[in-house]
Amino acid sequence: MDKKFVYADNAATTKPSPKAIDAMLPFLYEEYGNPSSVYSLGMRAAKAILKARENVAAAIGARPQEIYFTSGGSEADNQALRSAALSGEKKGKRHIVTTAFEHHAVLRTCEYLQRRGFDVTYVKPDSRGLISPCDIEAALRDDTCLVSVMYANNEIGTIQPIEEIAGICKARGVLFHTDAVQAVGHIDIDVKKQGIDMLSLSGHKIFAPKGVGVLYAKSGTDISPLIFGGSQERGKRAGTENVAAIAALGAVIGDAVSGVSERTQRVRAMRDRLIDGILSSIPDTRLNGDRERRLDGNVNIAIDGIEGESLLLMLDMAGICASSGSACESASLDPSHVLKSIGLDEKRAKGSLRLTINELNSDEDIDYILEKLPEIVSRLRALR
């Protein structure tokens, strides 16, 4: 098979859809007004933001006034945690519960809060990458102000029992936040039915552009701004809105969440063929994360005897885009904290490969990866 291009890093970012780009273009050209302005050019921009807010709310079972636009998932995570911490502090509650394999947007915010006197409990996943609701419940204290558990892990794709954890938090009167950046568009989400108080999502994971995200906060939740200035986002996020990106997110989120089960069934079949093909054709490999309770397009494989960086470079030479972990940590030489949290030693963690596919991938893409990957691994192992 001749060299081709295969994009298999959709957990890092997705390709903006034509629908998203079409939604952006008017606000980059003729509809360039500031949405805070009172004349018609600005009012049309404000109307576009309102429509996007309504679309996002409908997609996750929320109300429009519970949707706050941000620059992405990381900002939404920061705002959720810091808001809950400030609110809890007023009531003498300075304890947070999260997990050891959260996205660094959560972990580093927790570290920031620890330096300011908060106590944080990091619940560990089991070897399959799953969090036990019982462990979350056991970690709760009378002074717990927040529990934050990611819906689906960004590296190994494991899906957590969010509704059960949310129920435990509600029974104890503790705010519950979930980083759903990787889950939206892959799992049916209804924040009301599932008892979620706060949720983070990001546009560029669901075919919208980079630079736009959302914090959902249930009505009555005390939200504190990270950015001070104007009265945008009802006073919770100052700064002129990124109208074009917000319009794009509003345009695509409905498609992203509709027909999830039918769409994911095809992707899951490709994922399983990819997992089985790698494990059967390359010796000394293992799947990272639970086989069943994982995102439809996530494949994360530990490959003994290789360095992840060399593997990625050779895959790129073959036209295959992949990663060895979170794109947010790609410049780090340290092994993945996610893989270490499920028991992988440093050497094996550094030799892991993440392939994330979606409905834009084809069976031919899977064939090409299964042709090239064993050859590349063999060459790398021969160089040891």
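Notes on the structure follow. As the structure is a prediction and not an experimental result, all values here were calculated from the model.

**Observations regarding the nonpolar core**
Piece 1. Ranked by internal contacts, the top residues of the largest apolar core, which has 65 residues, are Phe69, Val147 and Leu249.
Piece 2. Tallying contributions element by element places helix H8 (residues 243-257) first for this core, with 10 residues.
Piece 3. Counting residues in each nonpolar core, the second largest holds 29 residues, with Leu274, Ile306, Leu353 and Ile376 among its members.

**Describing the side chain of glutamate 155**
Piece 1. Looking at where glutamate 155 falls in the secondary structure, it is placed in the loop between strand S5 (144-148) and helix H6 (162-172).
Piece 2. A distance of 2.5 Å separates polar atoms of two side chains, one belonging to glutamate 155 and the other to serine 336.

**Topic: a nonpolar patch on the surface**
Piece 1. On the surface, Ile21, Leu25, Leu28 and Tyr29 cluster together to form a nonpolar patch covering roughly 400 Å² of accessible area.
Piece 2. Looking at where leucine 28 falls in the secondary structure, it is placed in helix H1 (residues 18-28).
Piece 3. The exposure class assigned to leucine 28 is exposed, which follows from its relative accessible area of 53%.

**Regarding the sheet that holds strand S3 (residues 95-99)**
Piece 1. In space, the seven strands of this open sheet follow the order S2-S8-S7-S6-S5-S3-S4, with mixed pairing throughout. For this open sheet the edge positions go to strand S2 (67-70) and strand S4 (119-123), each flanked by a neighbour on one side alone. Adjacent strand axes in the sheet meet at a mean angle of 20°, parallel and antiparallel pairs treated alike.
Piece 2. As paired strands, strand S7 (residues 198-202) and strand S8 (residues 213-217) are joined by five bridges and run antiparallel to one another. Across the sheet, the residue bridging to serine 200 is leucine 215, located in S8.
Piece 3. Across the sheet, H6 is in contact with S5 and strand S6 (175-179); its angle to S6 comes to roughly 160°.

Rules and cut-offs
- Residues numbered from 1 in each chain as written.
- Predicted model: local features only at pLDDT ≥ 70, side-chain atom pairs only at ≥ 80, totals over all residues.
- Heavy atoms only, no water.
- Core = buried A, V, L, I, M, F, W, Y, C linked by side-chain atoms within 4.5 Å.
- Buried < 20%, exposed > 50% of the residue type's maximum accessible area, 1.4 Å probe, protein only.
- Helix = DSSP H or I, 4+ residues; strand = E, 2+ residues; numbered from the N terminus.
- Polar contact = N/O pair within 3.5 Å; in protein donor to acceptor, adjacent residues only side chain to side chain.
- Patch = residues over 30% accessible without salt bridge, like charges linked within 9 Å, V, L, I, M, F, W, Y side chains within 5 Å.
- Areas by Shrake-Rupley, 256 points an atom, 1.4 Å probe, with all protein chains shown as cover.
- Salt bridge = Lys/Arg side-chain N within 4 Å of Asp/Glu carboxyl O.
- Pairing = 2+ DSSP bridges.
- Axes fitted to C-alpha atoms, helices over the stretch in contact; angles between N-to-C directions.
- Contact = heavy atoms within 4.5 Å.

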